[in-house]
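Structural features, examined
So the chains spell out like this:
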Amino acid sequence: MNALYPSRILPAILALLLPAALIAAPGALDYRLDASNSDVRAKVAFFGLASKTARFPRMDGRVTIVPGSPKDAVVNVTFDAAAIEAPDATTLERLRGEKFFWVERHPRIRFSGRSLSMASPTRGTITGELTARGVTRIETLDVTFASDPAARSGKPVSFTGNMAIDRRDYGMNSYQLIVGNTVDINLRARMVPQ
């Protein structure tokens, strides 16, 4: 067997076996989420007169931005649903329970973004899959960067994001007369180079 054979065939086999998202594009900027400087909150109407906000303090994530090709961006963020915080003990118990996040069975919430569309150097949308309570749906996150992320190679990048979802799409159908169906999700994040 030719000694060069394995060195030629191995990269071809790896290219077939590895998902495209794991093979970094030339010039790609890889970041990890700085969880200590990031925050996710979910707000829902309560009795139609007020609102309640829950917070997800524990998260982990990786982001890849490809300068000149935002459509090739990859975002993978996981939130610890069991660590959810709420304004009172009753709300917290309900959110962790079977009728809402059911954290005993579904301890993680995931957002896997596979496309970044930029309307300007600092504003855009990330389309991807949100998985909560074992249900996955396509959702869009509107993002605003503090500065052009493509120009921040090797430096931290901060951004905010907003998304509105219908909780019923994720099997959270209880308390319809008390709790609104639209959940406004607000994200404040800081990413640091890997």
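For the structure itself, consult the block above.
The text that follows walks through the structure, step by step, so that each part is easy to find. (Residues numbered from 1 in each chain as written. Predicted model: local features only at pLDDT ≥ 70, side-chain atom pairs only at ≥ 80, totals over all residues. Heavy atoms only, no water.)

This paragraph deals with the overall build of the chain. For the chain, the helix and strand inventory stands at 2 helices and 10 strands. Along the chain direction, N to C, the helices and strands of the chain fall in the order α-β-β-β-β-β-α-β-β-β-β-β. When each of the 194 residues of the chain is scored for burial, the buried share is 35%. Nonlocal contacts in the chain, meaning residues at least 24 apart in sequence, comprise 57% of its contacts between residues at least 6 apart. As displayed, the chain offers around 11,200 Å² of accessible surface, 55% of which is attributable to carbon and sulfur atoms. (Helix = DSSP H or I, 4+ residues; strand = E, 2+ residues; numbered from the N terminus. Buried < 20%, exposed > 50% of the residue type's maximum accessible area, 1.4 Å probe, protein only. Contact = heavy atoms within 4.5 Å. Areas by Shrake-Rupley, 256 points an atom, 1.4 Å probe, with all protein chains shown as cover.)

Moving on to the pattern of salt bridges. Inspection of the entire model under this criterion finds 10 salt bridges. One salt bridge connects R190 with D34, and the closest N-O pair in it is separated by 2.9 Å. In this pair, R190 is assigned in strand β10 (residues 179-193) and D34 in the loop between β1 (29-33) and β2 (39-46), connecting sequence segments 156 residues apart. Accessibility expressed as a relative area gives 29% for R190, which makes it partly exposed. One network of salt bridges, with partners in common, ties together D39, R41, R55 and E85. (Salt bridge = Lys/Arg side-chain N within 4 Å of Asp/Glu carboxyl O.)

Bringing the nonpolar core into the picture now. Ranked by internal contacts, the top residues of the largest apolar core, which has 42 residues, are F101, I109 and M191. Considering every element that reaches this core, the biggest residue donor is β10, with 6 residues. In this view, F101 contacts F56, I84, L95, H106, I109, R133 and M172; residues no more than four positions away in its chain are not counted. (Core = buried A, V, L, I, M, F, W, Y, C linked by side-chain atoms within 4.5 Å.)

Glancing now at the layout of surface pockets. The rolling of a water-molecule-sized probe over the atoms marks out the regions of remaining empty space. Estimates place the volume of the largest pocket at around 760 Å³. Around the largest pocket, the lining is made up of 44 residues, and of these A42, F56, F101, V183 and I185 lie nearest the centre. For the lining of the largest pocket, the class distribution of residues is 36 nonpolar, 3 polar and 5 charged. (1 Å grid on protein atoms, 1.4 Å probe; cavity = no way out; pocket = protein on both sides within 12 Å on 5 of 7 lines; lining within 4 Å. Points joined across faces, edges and corners; volume = space filled by probe spheres on them. Nonpolar A, V, L, I, M, F, W, Y, C, P; charged D, E, K, R; others polar.)

A separate point is empty space enclosed by the protein. One pass over the structure, following the stated rule, counts 1 cavity of 30 Å³ or more. As for the largest cavity, its lining consists of V63, T64, I65, A73, V75, L116, I126, F145, F159 and M191.

This paragraph deals with the pairing of strand β6 (residues 108-118). Sheet topology note: the strand β5 (residues 74-80)/β6 ladder contains 6 bridges and is antiparallel. Within the sheet, the bridge partner assigned to D80 lies in β6 and is R108. Relative to strand β7 (residues 123-132), β6 is paired through 8 bridges, and the arrangement is antiparallel. Residue G113 lies in a different strand from β7, and its bridge partner there is G128. Turn length for the β6-β7 hairpin, with the two strands adjacent in sequence and antiparallel, is 4 residues. (Pairing = 2+ DSSP bridges.)

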